[in-house]
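# Structure at a glance
So you can see what is in the structure, the chains are spelled out below.
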Amino acid sequence: MTYTQEPVPTNRDGFFRKMRGGGTCPSCACPAEILWSFIGAMGGIGLVAWLHRNVADPAGLSLLIGSFGASAVLLYGAPQSPLAQPRNLLGGHFLSALFGVSVRLLVPGPSWLACALAVAGAIALMHATGTLHPPGGATALIAVTAGPKLASLGYLFALIPALSGAAVMLVVALVANNLAPGRRYPEYWL
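Just so we're clear, the structure is a prediction, and the values are computed from it rather than from any experiment.

### A word on the nonpolar core
With 25 residues, the main nonpolar core has Leu75, Tyr76, Phe157 and Met169 as its most contacted residues. For this core, the secondary-structure elements that each account for two or more residues are helix 2 (31–56), helix 3 (67–77), helix 4 (86–106), helix 6 (135–145) and helix 8 (159–179). Among the elements that make up this core, the one with the highest residue count is helix 8 (seven residues). Sequence-distant contacts of Phe157, that is, excluding residues within four places in its chain, are made with Ile65, Ala97, Val101, Thr139, Ile142, Ala143, Leu150 and Ala162. Core analysis: the second largest hydrophobic core is formed by eight residues, Val103, Ala114, Cys115 and Ala122 among them.

Okay, here's the thing in structure tokens:
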């Protein structure tokens, strides 16, 4: 994803002027859009939670992490967004999980530093690989702040729950978004 960057303001007036904004607030979604977003999120999070309870948890694993809630907003509420495409979803969660686990293992403290480094590094890594997915930042943070069950997974955290849970949500997004009239998902794969 390429962004154009405005020149850095040379005085405080320019800096604060940028904070006023300049666009208009988008209108609310139509009822059909709301319904299909609801159906997709129910299906995606519901299936991941069901698999967590009935398959992963009995095996001593986890499949459900908080960052999937934010992924659901993108996949089912804004499926046309570049941040919601399969490469971003899968790559963003997987690479961020790897980076977060690495930080947890290599940065002994303080915890505020590990948290900040995990999220900032995950963002940089996603930018560098073209896999920017905002919930990936939360996945990296979860890897650093996780309780004993998730922490004990080590690098397996990147596969289960990060990549596998995201893959389940992707399958639901493919079905739900393509059943909906007027929607197409994905916009691109790679």
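### Here we look at the packing of aromatic side chains
By the definition in use, this model includes one aromatic pair. Aromatic pair Phe15 and Phe16: ring centres 5.2 Å apart, planes at 75 degrees, arrangement edge-to-face. On the basis of relative accessibility, which here comes to 42%, the residue Phe15 falls in the partly exposed class.

### Overview of unusual backbone geometry
Excluding glycine, a negative phi dihedral is what most residues carry, and trans is how most peptide bonds are arranged. Of note, the amide linkage connecting Ile160 to Pro161 takes the cis form, showing an omega dihedral of 25 degrees. Along the chain, Pro161 turns up in helix 8. Of note, the amide linkage connecting Tyr185 to Pro186 takes the cis form, showing an omega dihedral of 0 degrees. If you trace the backbone, Pro186 turns up in the segment after helix 8.

### Focus on the packing of helix 3 against helix 6
Where helix 3 contacts helix 6, the two axes come as close as 8 Å, and the packing angle between them is 175 degrees. It follows from the interaxial angle that helix 3 and helix 6 lie roughly antiparallel. Taken together, the residues of helix 6 that come into contact with helix 3 (itself represented by Ser67, Ala70, Ser71 and Leu74) are Pro135, Ala138, Thr139 and Ile142.

### Section: the packing of helix 3 against helix 8
The geometry of helix 3 relative to helix 8 is characterised by a closest axis approach of 10 Å and an angle of 25 degrees between their N-to-C directions. Classified by the angle between their axes, helix 3 and helix 8 sit roughly parallel to one another. When you trace helix 3 past helix 8, the crossing you get is right-handed. Here helix 3 contributes Phe68, Ser71, Ala72, Leu75 and Tyr76 to the contact with helix 8, which in turn contributes Pro161, Ala162, Gly165, Ala166, Met169, Val172, Ala173 and Asn177. Tallied by class, residues from the contact of helix 3 with helix 8 come to 10 nonpolar, three polar and no charged.

### Description of helix 5 (residues 111–129)
A rise of 1.5 Å per residue sets the reference length of helix 5, with its 19 residues, at 27 Å; its end C-alpha atoms lie 27 Å apart and thus fit the reference within 8%. Among all positions in helix 5, only Ala114, Cys115, Ala118, Gly121, Ala122 and Met126 are buried. For helix 5, the angular spread of the buried residues around the axis is 150 degrees, confining them to a single face. In helix 5, the exposed residues that point more than 90 degrees away from the buried face are Trp112 and Ala128. In this fold, the buried residues of helix 5 make contact with helix 4 and helix 6.

The rules behind the values
- Residues numbered from 1 in each chain as written.
- Predicted model: local features only at pLDDT ≥ 70, side-chain atom pairs only at ≥ 80, totals over all residues.
- Heavy atoms only, no water.
- Core = buried A, V, L, I, M, F, W, Y, C linked by side-chain atoms within 4.5 Å.
- Buried < 20%, exposed > 50% of the residue type's maximum accessible area, 1.4 Å probe, protein only.
- Helix = DSSP H or I, 4+ residues; strand = E, 2+ residues; numbered from the N terminus.
- Contact = heavy atoms within 4.5 Å.
- Phe/Tyr/Trp six-rings, centres within 6.5 Å; stacked < 30°, edge-to-face > 60°.
- Axes fitted to C-alpha atoms, helices over the stretch in contact; angles between N-to-C directions.
- Parallel < 35°, antiparallel > 145°, perpendicular 65-115°, else oblique.
- Left-handed = near helix turned anticlockwise from the far one by under 90°.
- Nonpolar A, V, L, I, M, F, W, Y, C, P; charged D, E, K, R; others polar.
- Expected span 1.5 Å × (residues − 1).
- Arc of directions from axis to C-beta.

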